[in-house]
Amino acid sequence: MTDFNRYKRQMILPGFGADTQQKLAEAKVLIVGMGGLGCPVLQYLAGAGVGTIGIMDADQVSLSNLHRQLLYDESDIGQLKVIAAAQKIKKLNAGIQIVEYSYRLTKENAFSIIGLYDWIVDATDNFGAKYLINDVCVLLNKTWIYGAVTGYEGQVAVLNNRQMPGPVHYRHLFPVQPLPNEFASCEETGVIGVLPGIIGTMQAAEAIKLITGLGGTIKQSLHNYHYLSGRWYEIALTANPNSPIIDESFFHKTNYETACMNEADELEDIDINEIDVRQLLDIQKQPGHFILDVRELHEYPRVDFVHAQIPMSVLKESLDQLPQQPIYIICHQGIRSVYAAQYIKLHKGVETYSIKGGLTAYFNAVNNE
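Worth saying up front: this structure is predicted, and the values here are computed from it rather than measured.

(A) Representation of the overall build of the chain in the model. Helix and strand counts for the chain stand at 14 helices and 13 strands. Its C-alpha atoms give the chain a radius of gyration of 23 Å, within 12% of the compact-globule value 21 Å for 369 residues. Looking at the chain as a whole, 51% of its 369 residues are labelled buried. Entry remark: accessible area of the chain is about 17500 Å², with carbon and sulfur atoms responsible for 51%. Within the chain, one finds 29 positive and 40 negative side-chain charges whose respective centroids are separated by 8 Å.

Now the structure itself:
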């Protein structure tokens, strides 16, 4: 009777009933990442009555999390996310089991942990974890639910969907794991607070449909949401014959921590110069300088003082567009520009300079003049 009173608003739906609720009670779902995506996923799966939910994250709650990770509050700052989340969810629904993993998913533990669960929800914010989740799910024949957010845009997809013939997985979309700092993180680009809530809730919705068999899940498609326009658009997915074959040999030789570590280690040995924006302003007054913007093309604000904009994501293929002279490199906050300066110096042999603080520092300096 207690369960019916708790779940009756969904149990009385046409096609739902006690049998469907029992499927939720028997389901085991692992959520990897308890940040902006993981919080709403956990809240809605717990509310729906999913019987066993594993939550995995090594991070602690910080003040900057609270604008989007609404499961936490100021009293949780400094506490491990999985501990704080479990405490809150047990108050929401004491009838389900929460399994806490207060450490990262790694190559060493991924098989043993993922193997315990029926469905996997990716709520991570880094490429290494996504490729690791994907490859283990392919090897274990498990369906997983992908989510990602940055800036004003988010994505969600059901990948390696075993209910579909020829299931598409993450490496069919993105065969090779990017280099470190090749793409901007949320720390650099920012993220609007409600966006992870939207995408995370979509992930929870897909998980519930997969568990219960109700309706149709997102099939072979990537769903994209643009917050400012309020529009969803869908990209059909097909298996990529040129993607790597994921087998045990591939898994064992792949370094998920930092892809292409040999080159990453080589770049770390490249010394580059960092200059502040005051020095850049002086350089702009002199002839013969070349300023490169390595932000992605969609990033704002636009600037008119650079001589070229070549995003980090295509830098490797675009070196021939750069002059054989010293290059001053700028990005949003001066993080990607360091890596770009190392890469260009290594492969093109010219002197490079990274602008400390990036455009954020640049506009602060210009506005305070």
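From this point, the narrative continues.
(B) The nonpolar core, seen in detail. Ile31, Met34, Leu42, Leu45, Ile53, Ile55 and Tyr72 are the most contacted members of the largest nonpolar core, which totals 45 residues. For this core, the leading source of residues is helix H9 (residues 194-212), giving seven residues. In this structure, Leu105, Val168, Ile246 and Phe250 belong to the second largest nonpolar core, which totals 30 residues.

(C) Spatial organisation of the sheet that holds strand E6 (residues 153-159). Across the sheet, eight strands lie side by side as E3-E2-E1-E4-E5-E6-E7-E8; this open sheet has mixed pairing. At either margin of the open sheet sits one strand with a lone partner, and together these are strand E3 (97-101) and strand E8 (231-236). Between one strand and the next, the sheet's axes are offset by a mean angle of 15 degrees, whatever the strand orientation. In this sheet, strand E2 (residues 52-56) lies alongside strand E1 (residues 28-32) in parallel orientation, the contact comprising five bridges. In the strand pairing of E2, lysine 28 is matched with threonine 52.

(D) How the structure looks around the pairing of E8. With respect to burial, E8 is a largely exposed element, only zero of its six residues being buried. Relative to E8, strand E7 (residues 221-226) is paired through six bridges, and the arrangement is antiparallel. Within E8, the position partnered with leucine 222 by the bridge is isoleucine 235.

(E) Region of interest: the sheet that holds strand E10 (residues 291-293). Within the open sheet, the five strands sit side by side as E9-E13-E12-E10-E11. Their pairing is parallel. Across the chains shown, the open sheet's two edge strands, defined by having one partner strand only, are strand E9 (273-275) and strand E11 (308-309). Packing against the sheet, helix H12 (residues 277-284) makes contact with E9, E10, strand E12 (327-330) and strand E13 (352-355), and its axis sits at approximately 85 degrees to E9.

(F) Main features of helix H4 (residues 81-92). Along its 12 residues, H4 runs 16 Å from first to last C-alpha, staying within 8% of the 16 Å computed at 1.5 Å per residue. Taken as a whole, H4 has its buried residues at Lys81, Val82, Ala84, Ala85, Ala86 and Ile89. Lining the buried residues of H4 we find helix H3 (38-48), E2 and E3.

(G) View of the environment of arginine 171. By secondary structure assignment, the location of arginine 171 is in helix H7 (residues 170-173). As for arginine 171 and asparagine 242, which are separated by 71 residues in sequence, their C-alpha atoms are 9.5 Å apart. With near-sequence residues (within four places) excluded, arginine 171 lies in contact with Tyr131, Asn134, Asp135, Gln177, Ser243, Pro244, Ile246, Phe250, Thr254 and Tyr256. At 2.9 Å, the side chain of arginine 171 and the backbone oxygen of proline 175 are in polar contact.

(H) Molecular detail of the packing of H3 against H4. Running from amino to carboxyl end, H3 crosses H4 at an angle of 30 degrees, the nearest separation of the two axes being 10 Å. One way to sum up the angle between H3 and H4 is to call them roughly parallel. Judged by the twist between their axes, the crossing of H3 over H4 is right-handed. Packed against H3, whose contacting residues are Leu42, Gln43, Ala46 and Gly47, the element H4 presents Ala85, Ile89 and Leu92 at the interface. When the residues that make up the contact of H3 with H4 are grouped by side-chain class, the tally is five nonpolar, two polar and no charged.

Definitions and limits used
Residues numbered from 1 in each chain as written. Predicted model: local features only at pLDDT ≥ 70, side-chain atom pairs only at ≥ 80, totals over all residues. Heavy atoms only, no water. Helix = DSSP H or I, 4+ residues; strand = E, 2+ residues; numbered from the N terminus. Rg over C-alpha atoms; globule rule 2.2 N^0.38 Å. Buried < 20%, exposed > 50% of the residue type's maximum accessible area, 1.4 Å probe, protein only. Areas by Shrake-Rupley, 256 points an atom, 1.4 Å probe, with all protein chains shown as cover. Lys, Arg positive; Asp, Glu negative; His and termini not counted. Charge placed at Lys NZ, Arg CZ, Asp CG, Glu CD. Core = buried A, V, L, I, M, F, W, Y, C linked by side-chain atoms within 4.5 Å. Pairing = 2+ DSSP bridges. Axes fitted to C-alpha atoms, helices over the stretch in contact; angles between N-to-C directions. Contact = heavy atoms within 4.5 Å. Expected span 1.5 Å × (residues − 1). Polar contact = N/O pair within 3.5 Å; in protein donor to acceptor, adjacent residues only side chain to side chain. Parallel < 35°, antiparallel > 145°, perpendicular 65-115°, else oblique. Left-handed = near helix turned anticlockwise from the far one by under 90°. Nonpolar A, V, L, I, M, F, W, Y, C, P; charged D, E, K, R; others polar.

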